[in-house]
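# Residue-level structure breakdown
Single-letter residue listing:
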Amino acid sequence: MGLYSNAYSVIRQYLSGAVGDLVTGTFASGTTTTGVHTMLRKSDDYYNEHGYRVYIYGGTNIGEEREVSDWVYSSSTLTVAPAFTSAIDATSQYELRHLFWEDEYRNAINLAIASIAGKYLIDKTDITVTLTAGIYEYSLPSGMNYVNRITTEADVGGGVFNTEGVIDTRDWQLISPRKLKLHEERYSITANKDLRIEGQGRQTAVSGDADIIYLPPDWLVQKAITFLPQAKIQTYGLDATYQQALVQSVFEPRNSPASDARRVIE
């Protein structure tokens with residue numbers, strides 16, 4: 001897939017850390033309204049008085065964010081509201097933040113991704129197209145903007161694609177709207193064999209913690225900082241961080257399509 005491959009949760013933590021807004025850990029135990037972790041060392045009520053939220057990025061209750069309503073140092077217990085869907089347990093990995101919320105970080109990252117759409121292409125491979133007897137036109141997978149190689153499956157259902165199965169470039173073309181057309185006289189179809197379509201496309205927006213981002217993380221984080229809510233940037237004294245991010249993200253990375261790639265026709 002290319003040089004870079006990071007889960008959305010990793011990029012988000014990189015971003016929140018860059019603005020001084022991140023504490024991470026794994027709860028030892030809990031309930032639907034509490035989480036216990038002895039590594040949290042602040043005095044009583046610190047986390048609720050400073051407006052912290054808990055976001056679960058792994059394990060039980062992944063993807064849920066709650067406000068901290070109480071913190072007791074002696075028992076290492078955070079209380080949250082409203083309740084989580086399930087009881088917190090030893091698999092629940094958390095992020096504690098008080099400057100920006102998870103959806104604000106996600107929005108900033110997706111805006112940064114959108115800003116470089118079409119400029120930094122990522123490699124894509126798709127094997128969802130299955131041949132049908134007598135059919136020579138097939139819809140191309142979404143998210144693929146260029147195609148440079150198509151390979152026919154060696155045996156039906158085998159999932160093996162050999163170099164011998166690479167289709168001659170004279171035997172296929174891209175037509176509108178977003179379709180592959182195989183040459184009716186030069187290409188012989190074997191029903192139920194799959195095609196492996198290789199090409200390049202844009203990074204898609206992320207929504208879940210496990211979604212993968214294939215863009216340069218250093219640039220992406222700096223660009224995302226510039227899309228964080230401006231009112232909060234000013235309120236929390238992050239103007240210098242913001243200005244630095246503007247400078248560091250001005251030179252956009254590029255990754256062009258393969259030299260032999262054909263552009264998908266919309």
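To keep things clear, this report deals only with the structure shown in the data block. (Residues numbered from 1 in each chain as written. Predicted model: local features only at pLDDT ≥ 70, side-chain atom pairs only at ≥ 80, totals over all residues. Heavy atoms only, no water.)

In terms of helices and strands, the protein chain carries six helices and 16 strands. Taken against the 2.2 N^0.38 rule, which gives 18 Å for 266 residues, the C-alpha radius of gyration of the protein chain at 24 Å runs more than 25% over that of a compact globule. The principal-axis extents of the C-alpha atoms in the protein chain amount to approximately 75 × 40 × 25 Å. Across the 266 residues in the protein chain, those meeting the buried criterion constitute 44%. At a minimum sequence separation of 6, the contacts of the protein chain that also span at least 24 residues come to 77%. Summed over its atoms, the accessible surface of the protein chain is roughly 13,100 Å², and 48% of this surface lies on carbon and sulfur atoms. The distance from the centre of the 23 positive side-chain charges to the centre of the 32 negative ones in the protein chain is 7 Å. (Helix = DSSP H or I, 4+ residues; strand = E, 2+ residues; numbered from the N terminus. Rg over C-alpha atoms; globule rule 2.2 N^0.38 Å. Buried < 20%, exposed > 50% of the residue type's maximum accessible area, 1.4 Å probe, protein only. Contact = heavy atoms within 4.5 Å. Areas by Shrake-Rupley, 256 points an atom, 1.4 Å probe, with all protein chains shown as cover. Lys, Arg positive; Asp, Glu negative; His and termini not counted. Charge placed at Lys NZ, Arg CZ, Asp CG, Glu CD.)

To continue, consider empty space enclosed by the protein. If you walk through the whole model with that rule in mind, you get one cavity of 30 Å³ or more. Here the largest cavity defines a volume of roughly 30 Å³. Taken together, I113, I116, A117, Y120, R202, Q203 and L215 make up the lining of the largest cavity. Here the residues of the lining of the largest cavity sort into five nonpolar, one polar and one charged. (1 Å grid on protein atoms, 1.4 Å probe; cavity = no way out; pocket = protein on both sides within 12 Å on 5 of 7 lines; lining within 4 Å. Points joined across faces, edges and corners; volume = space filled by probe spheres on them. Nonpolar A, V, L, I, M, F, W, Y, C, P; charged D, E, K, R; others polar.)

Let us now look at the pattern of salt bridges. Between side chains of opposite charge, a pair can form when the charged atoms approach closely. Applying the stated criterion to the full structure yields 15 salt bridges. Among the ionic pairs, E64 bridges to R66, the shortest N-O distance being 3.0 Å. Classification of R66 as buried rests on a relative accessible area of 15%. The salt bridge involving E252 is made with K119; its shortest N-O contact spans 3.1 Å. Placement of the pair is E252 in the loop between helix 6 (239-248) and strand 16 (262-263) and K119 in the loop between helix 3 (102-115) and strand 9 (122-130), with a sequence separation of 133 residues. Given the relative accessible area of 31%, K119 is considered partly exposed. One network of salt bridges, in which partners are shared, links R12, R53, E65, E67, E95, R97 and D209. (Salt bridge = Lys/Arg side-chain N within 4 Å of Asp/Glu carboxyl O.)

Note on helix geometry: an α-helix contains 3.6 residues per turn, so any two residues three or four positions apart are oriented the same way. Among all positions of helix 1 (residues 8-18), only Y8, S9, I11, R12, Q13, L15 and S16 are buried. At the exit of helix 1 stands G20, carrying a positive phi of roughly 70 degrees.

The next subject is the sheet that holds strand 2 (residues 23-26). Across a sheet, strands are paired by hydrogen bonds formed along the backbone, either parallel or antiparallel in direction. Taken in spatial order, the seven strands line up as 2-8-5-6-7-4-3 in an open sheet, and their pairing is antiparallel. What marks the edges here is a single partner per strand, and that holds for strand 2 and strand 3 (29-30). Sheet topology places strand 3 next to strand 4 (residues 34-36); two bridges connect them, and they run antiparallel. The residue of strand 4 that forms the bridge with G30 is G35. Contacting strand 2, strand 5 (53-58) and strand 8 (93-97), helix 1 crosses the sheet at an angle of about 30 degrees to strand 8. (Pairing = 2+ DSSP bridges. Axes fitted to C-alpha atoms, helices over the stretch in contact; angles between N-to-C directions.)

All quantities given are derived from atomic positions and should not be read as evidence of function.
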